[in-house]
Amino acid sequence: MTSSSDNSHVEISVVEPPDINKNKILEIACSPNLKYVAALYENNDISLWSIVSQESQEELLTNIKTINIDNICINEEINAISDNQYKTIRKIFAISNNKQVSISLKRNNAYNFKFFDFETEKEKKLTFPDCQKEIDILSFRDNGNIIMVNAKYYRAYVFSSKEKNNIITWVCKSMIELQYFKKLYITPKGKLILFNDTINEITMWDIDNLSAKTRILIEWCHELQHIEISDDEELLVVCAEEKKYKKKNLYVFSTETGINLSSFSTKLAIDRFHLIASSKGERLLFRYTNISGKSAFNLLDPYNLKNSINANKLFENKQIQGQYIIKSDKIIYANDGEVLIKKLVDDDWVEYLRKELKDTNGITTPSKNTIDLITKIINEKNYNPPYSNEFEGKFLRWGLELDDKSVVLTVIDFNYRTNKWNPDDKKKQLEILPSLNINGNHYIIHCEVLENDVFVTITRIGVIIWTYKASNIKMLYYWNDWNDHLEKFDFEKAKLKILAENWTSGRILPASSYGTILKNLHLKFGDNELFDDFLRSHIEDEFYLTCYGKDLMKTLIEQKDDKWIRSIGTGCINKCLQDNNHLISKINLLSIIFENFNELSENHPAFIASALSLIGFVVPSTFVNPKSTSSHLSKYGRYYHLYNTSFINISTSILWDCWISFQKNFQNSFQNFKDSHPHFRDLIVKPISKFIVKPISKFIVQPVIDFYDVGHSTTILAIPLPNFVSYSKKYSPWRELVLPTPNPFTYSNKVEVINEEFYRYLNGEALLKFKWNTYGRKYYLLIWAIYTVFLCCFVIAASFYKNISQTILSILLYTTICLGIWHLFFELSQFIFSPLSYMASAWNFFDLGAILLPMISSIIWLRNNEMPTEWATFSTLLLEIKFLLFFRAIEFSGDYFSMILGVAQRGFSFLIILGFIIVAFAHSLHLLLRPTVDVSLDYPSYSDDPNDPWNLASTYNTIDPNGTIEDSSSLIEPPTATTNMFMLMGSAIAAVYIMLTGDTTPISYWDLDSDPALLILAILFSFVATVYLMNLFIGVLSN
């Protein structure tokens, strides 16, 4: 199926350039490489514009061609995913890097879109593997591929182009099942951003390897409006509306960590927003409608959304009419039917912000600029000491006051009202010379003001960046990988060079040297402990906590600093709270704690217990369902992952379409039949509905439903454990079989510590239940099924070997051996993973017995051609008991297995004590009742030993006709091994165990009246073991 089928009434014609003064531009699209722009006019004209660079570095758009397409569809809703709350518009209008355009068509065509080459005016064929005819979202990637999405089937298609003989053809590279989404966005780099409204989650997926790059949560009381992403796709801005209070909320998230960097709530009617100047000094630009009904623009620092700055001056010379696009710091907009392009961000952007827009907010410049500058200074042959006492920036003027015993850092800010620097009496100062016996005149090696007005100083204790914030001078960064007390540090240039070599540039600067800071918290800078203040500010300031919290936590764990671990943990939890309610959008901040869950559980159990108790009841929504039928701790919402489309998926969607079509056709046919046969409708349909269906529903069905109503009140809880576990993305099943890796969900050096604390709370139980219901039970049932085949093969062979042929018997035995090897291989993998743990568990030896015995029995059977009865007996016993143990994971029987195993575990030590007592009494009775002469059960010994089995055996005398017993002759019943069980120590233990049950048969052969020692031992044993200990054991188990 292709997109070129039977669209004869859709015409493409080349026309003269339209009268731009009478045509309104409805949509604008630009190519990923920003070389071409396509504009859609209200008269169905589409014009192609090319971006041309000028000598003045300005860029212009020139119109190349205009064509007209009939039957274009604009602003059509996607019915499959739109509802009263979320309305999603079909987005197909786009242009590629090679001037190919896609456009949405009205649905009376075979296809709802058109894809053609603007230069050749020919339609391009797109062949869909599943015979698709409808597309809802289309976007061109920067690598030339096309990504298309069908919302009805939640399916994505990736097409790649192939060029042969100057002809470009498109081939479907992959089909991907998206499973579910409410809104979808496609980034130029091929990331899919899906919004799941059931749990208010935004997920960014990499479509190339089908992995989730980041997961983001927004408040449940907010409705998603729109999403924007930065050019480098490192920052994500989300706009959501809180309709109850008529507020718009902006969130800025890091796509690397998923952590909410900042948020902003306003009653302004925000309708557009963009991230600009990411390479110079990033700002969030948003447009809103003011009181007079006109559009206005403001700027915010995306890392601290607090103080908005009027940015209308950016658009003074840009008469924007309707549609516009902001990309790569350029704005492409419509004006009187023309498409124009202008530079939005000035070359000297920071200067423009400070002086033209009066923006005094913080500027987070790209770390590469700062790192390159510091690296350049460090690599210079000679450091230049401060040549001046003042260093002037854009709006801060820094100063140094040096002498032998002091280094004072000063700062004055620029007053934009007076357009002058503030007077010296408003100067702020701070002593920055540490108490390390360093000459103040030689402390500063080099210093410089950066573009964003922070002050870099290379000192004899490391590299320090200072900033002016909240009317105070503060240490912003500190780098020195000494990781020891600075009293022992000798400044060397080579050490700083190594430090710079380890830096990597990113959106923000590398983390400070927290290890060195923690070792020197006591260090004084004048009267201040600047390192201590620095650490506290990085915990209290949300920006630094979100950016560097994970690095700080790892350092604290390495140094086992419980005080600061509690401080950072409390800071993370407090920032997730507002008015005693948890902020779902900030839950990812807790990943700072739970990424290190195992280490914290092992070394700081009190802290992790406290943290788990504080987040044990996180309620994302206050809604309570009074008649819910959901079970306790069942999952809420929909959870999904991306995977490649299979034949089963395609078949299922086709069959579902056929069923829906059949339903509609049947309903329509039946309705038409009723309309055309009024007598049938009035005499049959209406009476049945009125006198049968409705009464049954009202008086039978509904009362039964009400009577058996099992509904109960439920509320929704969130599991606030971001990054609690992370399975390896480089999973190899074959490597896992040979060299298994630990399961990060349960593995730890001290597993029992984690289990005891973690599963005490609902979160742990709910997480475990979710994993089991999602995929755990599938694997368990598969293992159970394979074991059942293993069991049945051997049991059938052992039970019915006389009734089956030799061929079938051989097949059963060989299958038993093969499946036994399969199970044995997994046992070997467990042993390789942890030999000591494997040997310490008795259950592993039981499993080995259940696997090895049937295998050995089968081998012996095949070799001797005769069933080894004893081997088969115990093999069957172990096999069937192990099969029974599989039921311990089933809910209806799991409690009883837990009870049985729990009681056995509790009573194990008691049974050991009881065993020692049995052995003690058995040993005593063995010494008392063993024969003093050598005896044989086959030949009489003719001794007078009372313990001789022949003397204990039953004797039979004859009776003469007169009824007199003849003593002269008698018959003796040969003794057996049970006549005197105390002859041997082993049988003596068995005899005492029998006596423990209350059976005195082992000592019934002796006359207790004539043997006081035996009488005393019998009385002691019956009281101590049978009466006292057994009743005590029953009492222990009952508790």
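Definitions and limits used
Residues numbered from 1 in each chain as written. Predicted model: local features only at pLDDT ≥ 70, side-chain atom pairs only at ≥ 80, totals over all residues. Heavy atoms only, no water. Core = buried A, V, L, I, M, F, W, Y, C linked by side-chain atoms within 4.5 Å. Buried < 20%, exposed > 50% of the residue type's maximum accessible area, 1.4 Å probe, protein only. Helix = DSSP H or I, 4+ residues; strand = E, 2+ residues; numbered from the N terminus. Contact = heavy atoms within 4.5 Å. UniProt positions renumbered as here; feature names shortened; annotations may be inferred. Pairing = 2+ DSSP bridges. Axes fitted to C-alpha atoms, helices over the stretch in contact; angles between N-to-C directions. pLDDT = per-residue confidence, 0-100. Parallel < 35°, antiparallel > 145°, perpendicular 65-115°, else oblique. Nonpolar A, V, L, I, M, F, W, Y, C, P; charged D, E, K, R; others polar. Disulfide = S-S within 2.5 Å. Phe/Tyr/Trp six-rings, centres within 6.5 Å; stacked < 30°, edge-to-face > 60°. Lys NZ or Arg CZ within 6 Å of the ring centre and 35° of its normal. Polar contact = N/O pair within 3.5 Å; in protein donor to acceptor, adjacent residues only side chain to side chain. Left-handed = near helix turned anticlockwise from the far one by under 90°. Salt bridge = Lys/Arg side-chain N within 4 Å of Asp/Glu carboxyl O.

Here we come to the nonpolar core. Judged by nonpolar contacts, the single largest core of 112 residues is most densely connected at Trp398, Tyr443, Ile461, Trp466, Phe531 and Ile593. With nine residues, the single largest contributor to this core is helix 6 (residues 542-559). Not counting residues within four places of it along the chain, the set of residues in contact with isoleucine 461 comprises Pro434, Leu436, Ile438, Tyr443, Tyr478, Asn480, Leu486, Phe489, Phe525 and Phe531. Of all hydrophobic cores here, the second largest spans 25 residues; its members include Ile917, Met995, Ile1003 and Phe1021.

In this numbering, the UniProt entry assigns the feature "transmembrane region" (unreviewed entry) to residues 779-801, 807-826, 838-862, 868-887, 908-929, 981-1001 and 1013-1037. This span, residues 779-801, is 91% helix and 0% strand, and a straight line between its end C-alpha atoms measures 33 Å. Helix and strand shares over residues 838-862 are 96% and 0% respectively, and the end C-alpha atoms of the span are 32 Å apart.

In the sheet, strand 11 (residues 155-164) pairs with strand 12 (residues 167-177) via 10 bridges, with the strands oriented antiparallel. Note on strand 12: the bridge partner recorded for phenylalanine 159 is cysteine 172. Here strand 11 folds back onto strand 12, and the loop between the two strands holds two residues, one of which, asparagine 165, carries a positive phi near 55 degrees. The pairing of strand 12 with strand 40 (residues 643-644) spans two bridges and is antiparallel. Note that in strand 40 the partner of isoleucine 176 across the bridge is asparagine 644.

This next bit is on the pairing of strand 21 (residues 269-276). The pairing of strand 21 with strand 22 (residues 283-289) spans seven bridges and is antiparallel. Each bridged residue has a counterpart across the sheet, and for histidine 274 the counterpart in strand 22 is leucine 285. Here strand 21 hands over to strand 22 after six residues, with alanine 277 in that stretch at a positive phi of 55 degrees.

Taken in spatial order, the five strands line up as 9-10-11-12-40 in an open sheet, and their pairing is antiparallel. Two strands bound the open sheet, and with one partner strand each, they are strand 9 (137-140) and strand 40. Here strand 9 pairs with strand 10 (residues 146-150) via four bridges, running antiparallel. When the bridges of strand 10 are listed, serine 139 appears paired with isoleucine 147.

It is worth spelling out the sheet that holds strand 18 (residues 235-242) at this point. Taken together, four strands build an open sheet; the order of strands is 17-18-19-20 and the sheet is antiparallel. Since the sheet does not close on itself, it has two edges, and those belong to strand 17 (223-229) and strand 20 (260-266), each with one partner. Put simply, the sheet's adjacent strands are angled 20 degrees from each other on average, direction ignored. Strand direction decides the pairing type here: strand 17 and strand 18, joined by six bridges, are antiparallel. Bridge assignment links glutamate 223 to a residue of strand 18, and that residue is glutamate 241.

This prediction gives the protein chain a mean pLDDT of 84; 92% of its residues lie at or above 70. Contacts of residues 1-18 to residues separated by more than four positions or lying in other chains number 57 contacts, the stretch itself having pLDDT below 50.

Turning our attention to the packing of helix 5 (residues 530-540) against helix 7 (residues 562-575). Following both chains from N to C, one finds helix 5 and helix 7 inclined at 30 degrees, their axes separated by 9 Å at the closest point. Between helix 5 and helix 7, the angle falls in the class roughly parallel. Between helix 5 and helix 7, the residues in contact are Asp532, Leu535, Arg536, Ile539 and Glu540 and Lys563, Trp564, Ser567, Ile568 and Lys575, respectively. Partitioned by chemical class, the residues of the contact of helix 5 with helix 7 number four nonpolar, one polar and five charged.

Turning to the state of the cysteines, a few remarks are in order. One pass over the full model with this rule turns up zero disulfides. Cysteine 818 carries a free sulfur, and the closest cysteine sulfur to it, the one in cysteine 793, is 9.7 Å from it.

The tally for this structure, following the rule as stated, stands at 52 aromatic pairs. Measuring from ring centre to ring centre gives 6.2 Å for tyrosine 544 and tyrosine 548, while their planes differ by 15 degrees; the resulting arrangement is stacked. Pair noted here: tyrosine 544 and tyrosine 548 are both in helix 6, with a separation of four residues, about one helical turn. The pair formed by tyrosine 544 and tyrosine 548 is uniform in burial state, with each residue classed as buried. Residues tyrosine 801 and tryptophan 861 carry aromatic rings whose centres are separated by 5.6 Å and whose planes lie at 85 degrees to one another, so their mutual orientation is edge-to-face. Residue tyrosine 801 is located in the loop between helix 15 (762-799) and helix 16 (806-833), and its partner tryptophan 861 is located in helix 18 (residues 842-864); the two are separated by 60 residues in the primary sequence. Assessed through its relative accessible area of 30%, tyrosine 801 is described here as partly exposed. Counting every residue linked through ring pairs, the aromatic cluster contains Trp772, Tyr780, Trp784, Tyr787, Phe790, Phe883, Phe886 and Phe887. The residue whose ring lies beneath arginine 272 is tyrosine 324, and the NZ or CZ to ring-centre distance is 4.1 Å. Just above the ring of tyrosine 787 sits the side chain of lysine 882; from NZ or CZ to the centre is 5.5 Å.

Quick look at the side chain of arginine 354 now. Mapped onto the elements, arginine 354 comes out in helix 1 (residues 349-356). A polar side-chain atom of arginine 354 sits 2.6 Å from the main-chain carbonyl oxygen of aspartate 359. Of note is the side chain of arginine 354, whose polar atom sits 2.8 Å from the backbone oxygen of asparagine 361. Not counting residues within four places of it along the chain, the set of residues in contact with arginine 354 comprises Asp359, Thr360, Asn361, Ile363, Lys394, Phe395, Tyr416, Asn452 and Asp453.

A pair of packed helices is characterised by two quantities: the angle between their axes and the separation of those axes. Where helix 16 contacts helix 18, the two axes come as close as 9 Å, and the packing angle between them is 150 degrees. It follows from the interaxial angle that helix 16 and helix 18 lie roughly antiparallel. Here helix 16 runs over helix 18; the crossing is left-handed. Mapping the contact onto sequence places Leu809, Ser810, Leu813, Tyr814, Thr816, Ile817, Gly820, Ile821, His823, Leu824, Glu827 and Gln830 in helix 16 and Asn844, Asp847, Leu848, Ile851, Leu852, Pro854, Met855, Ser858, Ile859, Trp861 and Leu862 in helix 18. Of the residues belonging to the contact of helix 16 with helix 18, the class tally is 14 nonpolar, seven polar and two charged.

In this section: the pattern of salt bridges. Within the structure shown, the criterion is met by 29 salt bridges. Salt-bridge contacts for glutamate 356 lead to lysine 313; the nearest nitrogen and oxygen are separated by 2.7 Å. Placement of the pair is glutamate 356 in helix 1 and lysine 313 in the loop between strand 24 (304-310) and strand 25 (324-327), with a sequence separation of 43 residues. Each of the salt bridges in this network shares a partner with another, and the network as a whole consists of Glu76, Arg90, Glu134 and Asp136.

Here we take up unusual backbone geometry. Of note in the backbone geometry, leucine 34 takes a positive phi value of approximately 60 degrees without being a glycine. Along the chain, the position of leucine 34 falls in the loop between strand 2 (25-30) and strand 3 (36-41). Judged by relative accessible area, leucine 34 falls into the buried class, the value being 11%.

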